[in-house]
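Descriptive analysis of the structure
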Amino acid sequence: MPRIAEGWRSLFTALPDQSRGSTTRPIQRTSMPMLYPIFLRVVLLAIFLLPMATPLAYGQDFKDFKDIFTFYPNKRKVQKDSSRYLAKLVAAPVISYSPETSLGIGVGAKYLFKFNGSGPETRTSNMPATLQYTLNNQFVLFSGFEVFTNQEEWVIEGNVLVQNYPRLFYGIGRDAPKENKEEYNYVQVLVEPIFLKQAFFRYLFVGAGVRYNQIFDVQTEAGGILETEQPLGYEGSTSMSAEFAMLYDSRNNILNANSGWYFEFTHGFYGKVLGGTHNFELSRFDLRHYFTPFKNKKDVLAVQFIGHFSQGEVPFSELGLFGGSEILRGYREGRYVARTLLAGQLEYRTTFGDSRYGMVAFVGGGDVNSNLGDFKLGNIRPNFGIGLRFLLDRSENLNIRLDWGFGEASNNLYLDIAEAF
């Protein structure tokens, strides 16, 4: 399930005066100096190199440096019973960057564990949480979790997020012109737990869940496209659904796989009877494959295809968003918006010898449309890019990534922890 980076600015800034009877107000923009893009690249490169340089400056091994932020909640129990898994709680400062959020600084925590009685046949459960404040005045609270019970009989996964998000809007449809750009802000609360039971054979899971997605305190530009066209639910909406879910996950590593398949499909029935504001259906899929095509096992090819299909009274907040930090890198998230989205990417990953350093190259493309039948191969918008990697945790194969993506007449930088997919 695509990860979602979210925020909550309302903890630091006052909300609009609701007594005025309007959820919209003009948004002011500030101009950026011409040297800002060059300065930004230098700053991001310095941030990327910082964790590499720090332990060297003090003559320490990086493993010891990393252990400063690592805690072992069940260490004493493991010492008494060696069959237990040594759980890890990693808490450290977090720095990230994307064009949607600008530079974000905060604290991240990741709890890696296994239930008692789980052996090597059970993959490590991952419960992360991120708390960030960004230069776009966002407060970020996000958790995307994946938990395996003993012998992987059950998988519990999902997302929890709260955000106040400034986003750019150009219009609905694949031909929205760049000149139409306007900014709108909103507060979002999303909770999506999914429970899946192992079915028929290992790695295949079937189950169900719920999805609650509320958009409120929407602020738009006075006289802009949103206020003029007034798409369904543009002033706010509540989506509440019962979801059917299917998962096939044979990845050898949840955080950074080099072999295996991943396929997730969800179909949600959203309705007013469940507490929502609109009646519609939403289907999503995420297909990935990881393999090592050469004798050098450090060279990995990763492939991903995603789809987003909606029908009915689909509110503005549930439309497919083209672009982002995970797929179609190079385009701002939401550069194109429509009911249906299809996208794919291929990424080559390599490591330099036995070092912690690596790089990637990626290429992909996608499109949005009103209906699936309107997609044409000749209309696919391409993207490509390169990236640097630094191995933060050898045991979990966890990287810091710095990517530079290019799209049609656009390019963007992304700094984050963990791979894009």
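Residues numbered from 1 in each chain as written. Predicted model: local features only at pLDDT ≥ 70, side-chain atom pairs only at ≥ 80, totals over all residues. Heavy atoms only, no water.

1. Focus on the packing of aromatic side chains
In total, this model carries 17 aromatic pairs according to the counting rule given. For the ring pair Phe322 and Tyr331, a centre distance of 4.9 Å and an interplane angle of 80° mean the geometry is edge-to-face. Of the two residues, Phe322 and Tyr331, both sit in the buried class. Through successive ring pairs, a cluster of aromatic residues spans Tyr165, Phe169, Tyr184, Tyr186 and Phe316. (Phe/Tyr/Trp six-rings, centres within 6.5 Å; stacked < 30°, edge-to-face > 60°. Buried < 20%, exposed > 50% of the residue type's maximum accessible area, 1.4 Å probe, protein only.)

2. A look at the environment of Pro382
Mapped onto the elements of the fold, Pro382 is located in strand β17 (residues 381-393). Looking at Pro382, the relative accessible area reads 42%, which means it is partly exposed. Considering only alpha carbons, one finds Pro382 and Gly344, 38 residues apart in sequence, at a separation of 9.7 Å. Excluding its chain neighbours within four sequence positions, the residues that come into contact with Pro382 are Tyr331, Gly364, Gly365, Phe406, Gly407 and Glu408. (Helix = DSSP H or I, 4+ residues; strand = E, 2+ residues; numbered from the N terminus. Contact = heavy atoms within 4.5 Å.)

3. Re the pairing of strand β11 (residues 280-291)
Of the pairings in the sheet, the one linking strand β10 (residues 260-270) to β11 comprises eleven bridges and is antiparallel in character. When the sheet's bridge partners are listed, Gly260 is paired in β11 with Tyr290. When β11 meets strand β12 (residues 300-312), the two strands line up antiparallel, connected through twelve bridges. Considered in β12, the bridge of Phe291 is made with Leu301. (Pairing = 2+ DSSP bridges.)

4. Brief notes about the confidence of the model for the chain
On average, residues of the chain score 85 in pLDDT, and 84% of them reach the 70 mark or higher. Considering each helix and strand of the chain separately, the mean pLDDT is smallest for helix α1 (residues 36-57), with a value of 57, and largest for β11, with 98. Note that pLDDT drops below 50 for residues 1-33; the model gives that stretch 84 contacts with residues more than four away or on any other chain. Long-range and interchain partners of residues 55-60, a stretch whose pLDDT sits below 50, account for three contacts in this model, where long-range means more than four residues apart. (pLDDT = per-residue confidence, 0-100.)

5. What about the nonpolar core?
In this structure, Phe169, Tyr184, Tyr186, Leu226, Phe280, Phe316 and Leu319 are the most contacted members of the largest nonpolar core, which totals 16 residues. Taken together, the elements giving at least two residues each to this core come down to β6 (154-169), β7 (182-198), β8 (204-219), α4 (225-229) and β11. (Core = buried A, V, L, I, M, F, W, Y, C linked by side-chain atoms within 4.5 Å.)

6. A short note on the environment of Asn279
Mapped onto the secondary structure, Asn279 falls in the loop between β10 and β11. Measuring from C-alpha to C-alpha, the distance between Asn279 and Met240 comes to 9.4 Å, with 39 residues separating the pair along the chain. Ignoring sequence-local partners within four residues, the contact set of Asn279 consists of Tyr270, Gly271, Lys272, Gly312 and Glu313. Engagement of the side chain of Asn279 in a polar contact is seen with the backbone nitrogen of Lys272, the distance being 2.9 Å. (Polar contact = N/O pair within 3.5 Å; in protein donor to acceptor, adjacent residues only side chain to side chain.)

7. Focus on the pattern of salt bridges
According to the stated counting rule, one finds 24 salt bridges in the structure shown. One salt bridge connects Asp249 with Arg123, and the closest N-O pair in it is separated by 3.3 Å. In this pair, Asp249 sits in strand β9 (residues 237-249) while Arg123 sits in the loop between β3 (102-113) and β4 (125-134), placing the two residues 126 residues apart along the sequence. You'll find Asp249 and Arg123 in the same group, each marked buried. One salt bridge in this structure joins Glu146 and Arg251, with 3.4 Å as the shortest N-O distance. Residue Glu146 is found in strand β5 (residues 139-148), and its partner Arg251 is found in the loop between β9 and β10; the two are separated by 105 residues along the sequence. (Salt bridge = Lys/Arg side-chain N within 4 Å of Asp/Glu carboxyl O.)

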